Amino acid sequence: MKMIILSLLLVSSVAGAHSRLKPSTGINTRSTDPGVKTGPCGGYAKVTPAVLTSGQTLTVTWEETIHHPGRFEFYFSPAGEANFQLLKTVENTQNDNNVPHQYSTTVTLPNVTCDGCTFQMIQVMTENPAAPTNYYSCADMQLKAAGTATPAPTATPVACP
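Model, not experiment: these values are computed from the prediction.

J.: Just checking my understanding: could you explain the pairing of strand β5 (residues 70-77) for this structure?
T.: Looking along a regular strand, one sees the side chains alternate between the two faces of the sheet. Burial of β5 is extensive: seven of the eight residues sit out of reach of the surface. Here β5 pairs with strand β8 (residues 114-125) via eight bridges, running antiparallel. The residue bridging Gly70 from the neighbouring strand is Met125, located in β8.

In structure tokens:
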């Protein structure tokens, strides 16, 4: 009986999940929560941004934890969470229920420089075309001009007792 209850608890904890950027892609994701339905980034606080080169081609990986027909859209904002620009659309091609589905694509970042840039993935689910449901996942980054040296981290002095 305990195993049945534990199994039901595990299934219900995944049931609200849908898709998320994977933090192992060289970008710093704000959250690993795959069930973020509030745009543009679910209200999660910004994280330490990854430092990348403007115009760089980035390999992005993500997973879909519950299958839904639709697509994945990738956006970029040089101004935090405003003025997003569509970079790429990827159709949801893995149509079985053997989840999680793993995806990967390349995205070319804009040729701009910015310190507080936001990279966003939206899973657009199209079961109800009149009112599609979206799930959001964001990452923070800085884009530097090619050839710009990345500053070395500075140590914070610690007072000794």
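J.: Explain the packing of aromatic side chains here, please?
T.: Here a ring pair, both rings aromatic, is described through the centre-centre distance and the interplanar angle of the planes. This structure, assessed with the given rule, holds five aromatic pairs. Judged by centre distance (4.9 Å) and plane angle (65°), the rings of Trp62 and Phe74 are edge-to-face. Taken together, the residues span a long stretch of sequence, with Trp62 in strand β4 (residues 57-64) and Phe74 in strand β5 at a distance of twelve residues. Centre to centre, the rings of Trp62 and Tyr103 are 5.2 Å apart; their planes meet at 5°, and the pair counts as stacked. On the criterion of sequence distance, the pair formed by Trp62 in strand β4 and Tyr103 in strand β7 (residues 101-108) is long-range, its members being 41 residues apart. We classify Tyr103 as buried; its relative accessible area is 8%. One aromatic cluster is present, built from ring pairs that chain together Trp62, Phe72, Phe74, Tyr103 and Phe119.

J.: Please explain the side chain of Thr118 as it appears in this structure.
T.: Relative to the elements of secondary structure, Thr118 occurs in strand β8. For Thr118, a relative accessible area of 0% corresponds to the buried category. If we ignore the near neighbours within four places in the chain, the residues touching Thr118 are Arg30, Cys41, Lys46, Tyr75, Phe76, Ser77, Gly80, Glu81, Phe84, Cys138, Ala139 and Asp140.

J.: I would appreciate a short explanation of the sheet that holds strand β1 (residues 19-21) in the present structure.
T.: In a beta sheet, neighbouring strands pair by backbone hydrogen bonds and run either parallel or antiparallel. Read across the sheet, three strands follow the order β1-β4-β7 without closing on themselves; strand pairing throughout is antiparallel. Bordering the open sheet on either side are β1 and β7, each of which pairs with just one other strand. On average, each strand axis in the sheet is tilted by 25° relative to the strand beside it, whichever way the strands run. In this sheet, β4 lies alongside β1 in antiparallel orientation, the contact comprising three bridges. Within β4, the residue paired with Arg20 across the bridge is Glu63.

J.: I would appreciate a short explanation of the state of the cysteines in the present structure.
T.: Disulfides are covalent bonds that link the sulfur atoms of two cysteine residues. Across all of its chains, the model carries two disulfides by this definition. The residue that forms a disulfide with Cys41 is Cys138, at a sulfur-sulfur distance of 2.1 Å. In this structure, the disulfide formed by Cys41 and Cys138 twists by about -80° around the S-S bond and is classed as left-handed. One end of the pair, Cys41, is in the loop between β2 (28-29) and β3 (50-53); the other, Cys138, is in strand β9 (residues 133-144), and 97 residues separate them in sequence. Taking the relative accessible area as the measure of exposure, Cys41 reaches 5% and is therefore buried. Residue Cys114 pairs covalently with Cys117 via a disulfide, S to S 1.6 Å. Judged by the sign of its S-S torsion, about 110°, the cystine formed by Cys114 and Cys117 is right-handed. When sorted by exposure, Cys114 lands in the same class as Cys117, which is buried. Along the protein chain, the cysteines engaged in disulfide bonds are linked according to the scheme 1-4, 2-3 when indexed in sequence order.

The rules behind these values
Residues numbered from 1 in each chain as written. Predicted model: local features only at pLDDT ≥ 70, side-chain atom pairs only at ≥ 80, totals over all residues. Heavy atoms only, no water. Buried < 20%, exposed > 50% of the residue type's maximum accessible area, 1.4 Å probe, protein only. Helix = DSSP H or I, 4+ residues; strand = E, 2+ residues; numbered from the N terminus. Pairing = 2+ DSSP bridges. Phe/Tyr/Trp six-rings, centres within 6.5 Å; stacked < 30°, edge-to-face > 60°. Contact = heavy atoms within 4.5 Å. Axes fitted to C-alpha atoms, helices over the stretch in contact; angles between N-to-C directions. Disulfide = S-S within 2.5 Å.

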